[in-house]
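Structure at a glance
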Amino acid sequence: MARILLLHSMYGLRPAVHQAADRLRGAGHEVHVPDLYDGRVVDTPEEGIAIKEEIGSEELLKRAITAAAPLSGDGLVYAGFSLGAAIAQNLALGDERSRGLLLMHGTSDMAEGAVADDLPVQLHVADPDFYEPVDWLNAWYLQMRRARADVEVFRYPGVGHLFTDPGLPDHDAPAAERAWAVALDFVAGL
């Protein structure tokens, strides 16, 4: 069993995030789902970007750290969707007890000299993805490998950015089921 911190996308704490948490709980994991937007949920990327900019990246990271701190003593698996994945990556790379990193639909830049020391990392991403262009993903992968992370990348051709969210136009049920099957195996192995 893993203890997982699951972070929402720029759309806020949508039903799909709770469904993902329930899926992970059904596999025997303890899952915590903080609300970094104080209850606000939006329907468009533009609204999500506006809230993200209003709160600010530093404050969002601070809120995530505050949520993770009381849970991280025995090692957390950090996970997230899009914006939440970017925040999860930053938390995992800053936590020497991190057990793993599950990235759904997003990544973050990395500090120069970051060290991941065999941290298991799995990324599920659309191919192509406007928010995660191929050149960016290739550079990200090389940086992760230089940091000595154990990285797997799964690309899903022809799907939208947040293809695992059944409440959004990007949703692709077959791709989402494939992604979750792989992700659940990954988490079970941590």
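Before going into details, it helps to say that this report is about the structure given with it.

Cut-offs applied
Residues numbered from 1 in each chain as written. Predicted model: local features only at pLDDT ≥ 70, side-chain atom pairs only at ≥ 80, totals over all residues. Heavy atoms only, no water. Helix = DSSP H or I, 4+ residues; strand = E, 2+ residues; numbered from the N terminus. Contact = heavy atoms within 4.5 Å. Areas by Shrake-Rupley, 256 points an atom, 1.4 Å probe, with all protein chains shown as cover. Lys, Arg positive; Asp, Glu negative; His and termini not counted. Charge placed at Lys NZ, Arg CZ, Asp CG, Glu CD. Pairing = 2+ DSSP bridges. Axes fitted to C-alpha atoms, helices over the stretch in contact; angles between N-to-C directions. Expected span 1.5 Å × (residues − 1). Buried < 20%, exposed > 50% of the residue type's maximum accessible area, 1.4 Å probe, protein only.

A few points about the overall build of the protein chain
Helix and strand content of the protein chain: six helices and six strands. The linear arrangement of helices and strands in the protein chain, starting from the amino end, is β-α-β-α-α-β-α-β-β-α-β-α. Projected onto the principal axes, the alpha-carbon positions of the protein chain cover approximately 35 × 35 × 35 Å. Residue pairs at least 24 apart in sequence account for 63% of intrachain contacts in the protein chain once pairs closer than 6 positions are excluded. For the protein chain, the accessible area works out to roughly 8800 Å², and carbon and sulfur atoms hold 51% of it. Side-chain charges in the protein chain split into 15 positive and 29 negative, and the spacing between the mean points of these groups amounts to 4 Å.

Points about the sheet that holds strand β2 (residues 30-32)
Spatial ordering of the open sheet is given by β2-β1-β3-β4-β5-β6, a layout of six strands whose pairing is parallel. Every other strand in the sheet has two partners, leaving β2 and β6 (150-157) as the edge strands with one partner each. Strand-to-strand twist of the sheet, defined as the mean angle between neighbouring strand axes without regard to direction, takes the value 15°. Here strand β5 (residues 120-127) runs beside β6; their pairing, made up of eight bridges, is parallel.

Some details on helix α4 (residues 83-94)
For α4, which comprises 12 residues, the first-to-last C-alpha distance of 17 Å matches the rise-based estimate of 16 Å (1.5 Å per residue) to within 8%. Of all 12 residues that make up α4, nine are buried, and the element is covered over most of its length. Among the residues making up α4, those that are buried are L83, G84, A85, A86, I87, A88, Q89, L91 and A92. Contacts from the buried residues of α4 go to β1 (3-7), α2 (45-55), α3 (57-68), β3 (77-81), β4 (100-104) and α5 (134-146).

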